[in-house]
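Structure at a glance
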Amino acid sequence: MSVELKFEIRPGDLSGVEADLGVVLAFKEQGPAGPVGAAVAARLSEIMRGDRFEGRSGAHLLWHAPAAESFSCRRYLVVGLGRREEFTLERYRRYLGDALVSADRVGAERVALTLPDDSVGPIAPRDAALALAEGAILGTYRYDKYRSEPRSGRRHLRQITVATGQAPAADVKAGIDLGRITSDATNFARDLVNEPAGTLTPEVMAGIVRDSCRDSGLSVRVFEPDEMRRMGMGGIIGVGQGSENPPRMIQIEYTPDSKPSRRVALVGKGLTFDSGGLSIKTSEGMETMKCDMAGSAAVFATLRALPKVAPRVQVMGLMGMAENMPSGRAIRPGDVLKIMNGKTVEVRNTDAEGRLVLADVLSYASTFKDLQETVDLATLTGAVVVALGPMAAGVTGNDRAFVDELVRAAGRAGEAVWPMPLYGEYAEHIRSDIADLKNTGIRYGGAITAALFLKEFVRRGLRWAHMDIAGPAFGDKEYSYIKRGGTGFGVRTLIRYLQDASA
Ligand code: BES
Ligand code: MN
Ligand code: ZN
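Only a predicted model underlies this, so the values are computations on that prediction, with no experimental measurement involved.

**Overview of the pairing of strand S11 (residues 313-324)**
- In terms of burial, S11 is largely enclosed, as 12 of its 12 residues are buried.
- Burial along S11 is two-sided: Val313, Val315, Gly317, Met319, Met321 and Glu323 facing one way and Gln314, Met316, Leu318, Gly320, Ala322 and Asn324 facing the other are all buried.
- Sheet topology note: the strand S9 (residues 248-254)/S11 ladder contains seven bridges and is antiparallel. For Met249, the partnering residue across the bridge sits in S11 and is Gly320.

**Here we look at the sheet that holds strand S17 (residues 437-438)**
- In space, the three strands of this open sheet follow the order S12-S13-S17, with mixed pairing throughout. Looking at the sheet topology across the chains shown, the edges are occupied by strand S12 (336-338) and S17.
- As paired elements, strand S13 (residues 344-346) and S17 share two bridges and run parallel to each other. Note that in S17 the partner of Val345 across the bridge is Leu437.

**Thoughts on the coordination of the zinc ion (ligand 3)**
- Protein-derived ligands of the zinc ion (ligand 3) are Lys269 (NZ), Asp274 (OD), Asp292 (OD) and Glu353 (OE), with the metal-ligand distances lying across 2.0 to 2.4 Å.
- For the zinc ion (ligand 3), the six donor atoms are set out with angles of 78 to 174° between them, so the coordination reads as octahedral.
- Distance-wise, the manganese ion (ligand 2) is placed 3.1 Å from the zinc ion (ligand 3), both being coordinated by Asp274. Residue Asp274 is located in strand S10 (residues 262-274), and its partner Asp292 is located in the loop between helix H8 (283-286) and helix H9 (294-309); the two are separated by 18 residues in the primary sequence. For the pair Asp274 and Asp292, a shared accessibility class is recorded, and that class is buried.

**With respect to the coordination of the manganese ion (ligand 2)**
- Taken together, Asp274 (OD), Asp351 (O), Asp351 (OD) and Glu353 (OE) make up the full set of protein donors to the manganese ion (ligand 2), lying 2.1 to 2.2 Å away.
- Classification of the site at the manganese ion (ligand 2) as irregular follows from its six donor atoms and the range of 70 to 167° in their angles at the metal.
- Every donor residue of the manganese ion (ligand 2) comes from the same chain, spaced as D-x76-D-x1-E.
- Residue classification places Asp274 among the buried residues on the basis of a relative accessible area of 3%.

**Details of the pairing of strand S7 (residues 159-163)**
- Of all five residues that make up S7, five are buried, and the element is covered over most of its length.
- Neither face of S7 is exposed, since Gln159, Thr161 and Ala163 on one face and Ile160 and Val162 on the opposite face are all buried.
- In this sheet, S7 lies alongside strand S1 (residues 6-10) in parallel orientation, the contact comprising five bridges. Note on S7: the bridge partner recorded for Ile9 is Val162.
- Note: strand S6 (residues 110-114) against S7, five bridges, orientation parallel. Bridged to Ala112 within S7 is Thr161.

**A word on the environment of Lys290**
- Looking at the secondary structure, you find Lys290 in the loop between H8 and H9.
- According to the relative accessible area criterion, Lys290 is partly exposed, its value standing at 22%.
- The spacing of Lys290 and Leu77 is 213 residues in sequence and 38 Å in space, taken between C-alpha atoms.
- In contact with Lys290, not counting residues within four places along its chain, are Val193, Asn194, Glu195, Pro196, Ala197, Leu271, Thr272, Phe273 and Phe474.

**Focus on the site of ligand 1**
- In the vicinity of ligand 1 there are 16 residues, among which Lys281, Asp292, Asp351, Glu353 and Gly382 approach most closely.
- Between an oxygen atom of ligand 1 and a side-chain N or O atom of Asp274, the distance comes to 2.9 Å.
- Asp292 is positioned such that a nitrogen or oxygen atom in its side chain is 2.8 Å from a nitrogen atom of ligand 1.
- Across the complex, the protein chains shield 76% of the 520 Å² of accessible surface that ligand 1 would expose by itself.
- More than half of the atoms of ligand 1 fall within 2 Å of the grid points belonging to the largest pocket.
- Counted by class, the shell around ligand 1 contains four nonpolar, five polar and seven charged residues.

Rules and cut-offs
Residues numbered from 1 in each chain as written. Chains lettered and ligands numbered in written order. Predicted model: local features only at pLDDT ≥ 70, side-chain atom pairs only at ≥ 80, totals over all residues. Heavy atoms only, no water. Buried < 20%, exposed > 50% of the residue type's maximum accessible area, 1.4 Å probe, protein only. Helix = DSSP H or I, 4+ residues; strand = E, 2+ residues; numbered from the N terminus. Pairing = 2+ DSSP bridges. Donors = N, O, S within 2.8 Å, 3.2 Å for Na, K, Ca; no water. Tetrahedral: all angles 85-135°; square planar, octahedral: opposite > 155°, others 65-115°. Contact = heavy atoms within 4.5 Å. Near = heavy atom within 4 Å. Polar contact = N/O pair within 3.5 Å; in protein donor to acceptor, adjacent residues only side chain to side chain. Areas by Shrake-Rupley, 256 points an atom, 1.4 Å probe, with all protein chains shown as cover. 1 Å grid on protein atoms, 1.4 Å probe; cavity = no way out; pocket = protein on both sides within 12 Å on 5 of 7 lines; lining within 4 Å. Sits in = over half its atoms within 2 Å of the grid points. Nonpolar A, V, L, I, M, F, W, Y, C, P; charged D, E, K, R; others polar.

Right, here's the structure in full:
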C-alpha cells in the first residue's frame, strides 16, 4: 500500500498556501475557477492566453512561478474542466486524480487545491470535499506489491492542502474524512482483487478477514467444508471440489450502536480463480480470472469500513469463496447438485459456477427471518459486459423500488450501475429435464437468466437486488482514477446505500 496522504484544510483562497504545486481549475474559455485569489488568477489568465490554453476538458498547463514574483506555490498546474454547464463531481474526481498523478510525476510533495466554487451550481461543500478526497486517494493508487521499484502514483506526494474559500470547514472536513474511508476501502478491495490467485486462496482469504476484523467490533465466522457439507451446501462444495484449495463461506457481522433501522445482508461471489472447470475456458478467457472474487472483496471491504461509517443498519457480509478447477474430482457437465434450500441443479456447464456458489449463500441468507434486504455482487456473466460494456454494472432484483434505490446510491457515489430487466418468461430456459433447474440458459439474455437462477434461492419476502459487476470489476484500460486491474467497484455504492438506509 502506498503512503498515506495527509489532508489539511485552509479557509480562504489559494494565494496564501505554500506548496510545491498549486492545482487550479479552469472552465473552457474562462479564467481560473474556485478560490485562487486575485493575483494568482490574473497572472495565470495571462499565462493561459499566452499559451493558448482554452481549458479544454482534461488539458494540463504547468507553469513555474519565477522566484522574483513571490507566489506561494512553486508551480501551478492549470487543469481544463471543459464547459461549466457540464461540470459534475465525477469529473472533478477524475480531473483531480489525473492532476495529482502529474503533480507526483514532477516530484511535488505538497499540493494545494481548491474546491469548486458556487458558479457550478448548488454542490454541497461536503459532497465536493468527498469527491476531492476520492479523486486524490483513488487516483494515486498503484498496485506495486510485486514490483522491485515503485511506479508513479504516490512516490513523492504526501500532503494536500485544500483552500476552502467560503465553505464551512466542518463540512469540508466531514467530506474528506468520509472520502478517506470510502477510498481506503475501495483501494483495499483493489489490492485483494489484484492479488494473484496462487496466493489468495479461499483459506487465505478467510485468514485475512479474521486478522483484519480483530478488534474492529466486527464479528467473523468462517464455515469450513465439513460444516458446509452438513448444512447441505451442495453448490459451493461442488464447485470447489475440483481444486486443491477447498472452499469457505465467510460471515462478517456489523452491529450498530443504536437500534438498527433495517437488517441487510451483502453477498459476494468469491471465486478466487475461475478456470471454467471441466468446461474449461480458453487461455485468453482465464487470463484475468483472479478477478472472479471481486464481489466478495467489495463486500469485505465495505464491512471493514462500516465501524468507521457507523450507519444505523445491521449488516451481515457473506462471502462465498471457492476455486473452480478441472481435475479428476471436479464436477462434470450432467452432474446434479443439491443446494441448501433443497432445490436440485443439473450442471450443464461447469463455467456457470458463480450461480451455484451464490445459490447456497443466498439460501443461507434466506434462513435469517429478520433480514429485510439482501444485495449480491458478482462477476457473474460475460453477457452483462456485452450488454453494458466494461464500465457499468447491471442491477436487477425482485423489488423495483429497491433496485432503484441502489441505482440512485450508485449515481451519488459516482459508480455506473444500470437497471436490467428480469423477464420471468425466460425462466423456461433454465428448467432441466432431470432436476429442478439447470445452470445455463440459451445464448441470448445470459445476464437475465443468471439472475433468474439466483432468484430461485431468495426466500419470499426478502427484498433482493443482484449486481452483475463482471464489466467494471477489473479493467484493462485506465479511466482516470479507475486504474487497470482490480477497481474496487461496488464499495462506494454499498457504503452510500447503507448510509442512506440508515437515515
Ligand atoms: N466469471 C465468469 C464471468 C466473467 C466473464 C467475469 C468476464 C468477468 C469477466 C463466469 O463464471 C462465467 O464464466 N460465466 C459464463 C456463463 C456461461 C457459461 C453460461 C459466461 O458468461 O460465459
Ligand atoms: Mn465461470
Ligand atoms: Zn466465474
